[in-house]
Amino acid sequence: MAEIQNCKLYIAGTHQDAADGETFDNLNPATGEVIARVHQAGKADVDRAVEASHKGFAVWSAMTCAERGRILRRAADLLRARNDELARLETLDTGRPIQETSVEDINSGADCLEYFGAIAAGLAGEHIDLGQSFAYTRREPLGICAGIGAWNYPTQIACWKAAPALACGNSMIFKPAELTPLTAVKVAEILSEAGLPDGVFNVVHGFAETGQLLTRHPEIAKVSLTGEVGTGRKIMADAAGTVKQVTLELGGKSPILIFDDADIDRAVTGAMLGNFYSGGEICSNGTRVFVHESVKDAFLERLVARTEALKIGDPLDPDTQVGALISLEHTEKVMQAIADGQKEGARLVTGGQRLTEPPFDRGGFVTPAIFDACNDDMNLVREEIFGPVLSLLSFKDDEEAITRANATPYGLAAGVFTRDLTRAHRTVARLQAGICWINNYNLTPIEMPFGGYKQSGLGRENGKAAIEYYSQLKSVYVELGELESPY
Ligand code: NAD
């Protein structure tokens, strides 16, 4: 039996109990064991966090950009130094394999703090010459920002929101997903240790109701969500009440296009990365795999062989490649989608089975599923499943592939595999997706903006682009000439 942690709110630089003493249990998805008792924030707690954020903002926004950058870079170093401990916690909380969390999550969070720490010092407005007068712009913070996270990459999401927000001089109240509350508090502790003034980064825990207290709060200037499209709609509507700015990183049903001249082994790797990494619980996954009809059989044969060799097991075992899905409830939904896909007439070529023998019976361990004989109208092919489920489709020519790839209300990501780079660039120019990969899939370097087209989101995280979404411009006109009165 694992030791049960007490996971409190983090407000004004200290761990605090919820005002009404309310808590909820946090489970290890692989074993079903309670690993933490989590303090649930109500209105009094959110108000306390807002008050702390005001105080933090006053200190933080008055510091120079260079000073702010130094603290963020120090936090990046501290995060990296604690990689192993945090990766273990992330695996316990998410069920994702330690071989992923130990190289991906903490590193990506640290990269983000480092990147925005480095560019913070360069944030500036511009000078505009107007002849007898001039204008200049000041790039100013928005104020208090709310960050609301999904459960799949908790440390990364906390850092992807905190780093640009803080670099621009804002303060933040972050609410991790209720299923994965453990590491956001660690990020908060590390930021404090790096020298972040109290109240600049606060963590409140809870469910949708706690999120709503943030999105409807009149003193919060902006909300950034990572979550489902339906949640995005609700949050946009709630934010409208006080005209908050919103950044939405939502779901998708992204396409991967594999042309007849593609390196097939590379395309198989891309399709596996885009469907089975993190048990398929990745928003940008390329779950609609369009393969040219002339190479489809060869592609499928290699894909199946390599997928069947994946090692499913205890997420803490360094050899495990497929761990547990986030919860039994989510596992039910994934299994239902697999069953429905078969009823719709798609052919389950391999996987799609839930392991029910001990020690797997207490978690959602599902073997990676590959469906063939799919068509574009099936729910299997249209709806986000957020599990290890790949749908294979075939096409005859480029035009057809592009049209079908775009026939979705989503537009988060897309992948193209071909040896002909002219064809690759011509294709991505026509794909309706915010992130496109050529001959690779699901890589998210912090230098590259990340975000969706269409219903997959609004705004961008990462890259210089993120600065636009966490700051506002003030224009100042300065008269040097005479002021002629028309009156
Ligand atoms: P979710 O939408 O259920 O929850 C996300 C967060 O929103 C949670 O913290 C939740 O408590 C909060 N929330 C829910 N309803 C709310 C409301 N009405 N008001 C305020 N807050 C509310 O998503 P999830 O199940 O945690 O995550 C999976 C989803 O996230 C998938 O759809 C996936 O595609 C998406 N996702 C997107 C990205 C991206 O960057 N585009 C990254 C990861 C996950």
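Let me sum up the structure you'll find in this document. (Residues numbered from 1 in each chain as written. Predicted model: local features only at pLDDT ≥ 70, side-chain atom pairs only at ≥ 80, totals over all residues. Heavy atoms only, no water.)

Attention now goes to the site of the ligand. Neighbouring the ligand are 28 residues; Gly-149, Glu-178, Thr-231, Leu-250 and Glu-384 lie closest to it. Between an oxygen atom of the ligand and a side-chain N or O atom of Thr-231, the distance comes to 2.5 Å. Residue Glu-384 places a side-chain N or O atom 2.6 Å away from an oxygen atom belonging to the ligand. Its free accessible area being 860 Å², the ligand has 91% of it covered by the protein chains. Of all the secondary structure elements, the ones that give two or more residues to the shell around the ligand are helix H8 (208–215), strand S11 (222–226) and helix H9 (229–240). (Near = heavy atom within 4 Å. Polar contact = N/O pair within 3.5 Å; in protein donor to acceptor, adjacent residues only side chain to side chain. Areas by Shrake-Rupley, 256 points an atom, 1.4 Å probe, with all protein chains shown as cover. Helix = DSSP H or I, 4+ residues; strand = E, 2+ residues; numbered from the N terminus.)

This paragraph deals with the sheet that holds strand S19 (residues 435–438). By definition, the strands of a sheet pair up through backbone hydrogen bonds, in either a parallel or an antiparallel sense. The strand order across the open sheet built from seven strands is S15-S16-S17-S14-S13-S18-S19, with neighbouring strands paired in mixed fashion. Pairing within the sheet leaves two strands with one partner each, and these edge strands are strand S15 (347–350) and S19. Each strand axis lies, on average, 25 degrees off the axis of its neighbour in the sheet, ignoring direction. Where strand S13 (residues 255–258) and strand S18 (residues 413–417) come together, three bridges link them in parallel fashion. (Pairing = 2+ DSSP bridges. Axes fitted to C-alpha atoms, helices over the stretch in contact; angles between N-to-C directions.)

A few words now on the packing of aromatic side chains. Scanning the model with the defined rule gives nine aromatic pairs in all. Here the aromatic rings of Tyr-115 and Phe-116 are separated by 4.9 Å at their centres, their planes lie at 90 degrees, and the arrangement is edge-to-face. In terms of burial, Tyr-115 and Phe-116 fall into one category: buried. Measuring from ring centre to ring centre gives 4.6 Å for Trp-437 and Tyr-441, while their planes differ by 55 degrees; the resulting arrangement is tilted. The residues Trp-437 and Tyr-441 share a single accessibility class, namely buried. Above the ring of Tyr-470, the side-chain terminus of Lys-222 is found at 4.7 Å from the ring centroid. (Phe/Tyr/Trp six-rings, centres within 6.5 Å; stacked < 30°, edge-to-face > 60°. Buried < 20%, exposed > 50% of the residue type's maximum accessible area, 1.4 Å probe, protein only. Lys NZ or Arg CZ within 6 Å of the ring centre and 35° of its normal.)

What follows deals with the sheet that holds strand S21 (residues 471–479). Pairing is antiparallel across the open sheet formed by three strands, whose spatial order is S6-S7-S21. Across the chains shown, the open sheet's two edge strands, defined by having one partner strand only, are strand S6 (127–129) and S21. If you compare each strand with its neighbour and ignore which way they point, the axes differ by 20 degrees on average. Where S6 lies against strand S7 (residues 133–141), three bridges are found, and the strand directions are antiparallel. Bridge assignment links His-127 to a residue of S7, and that residue is Tyr-136.

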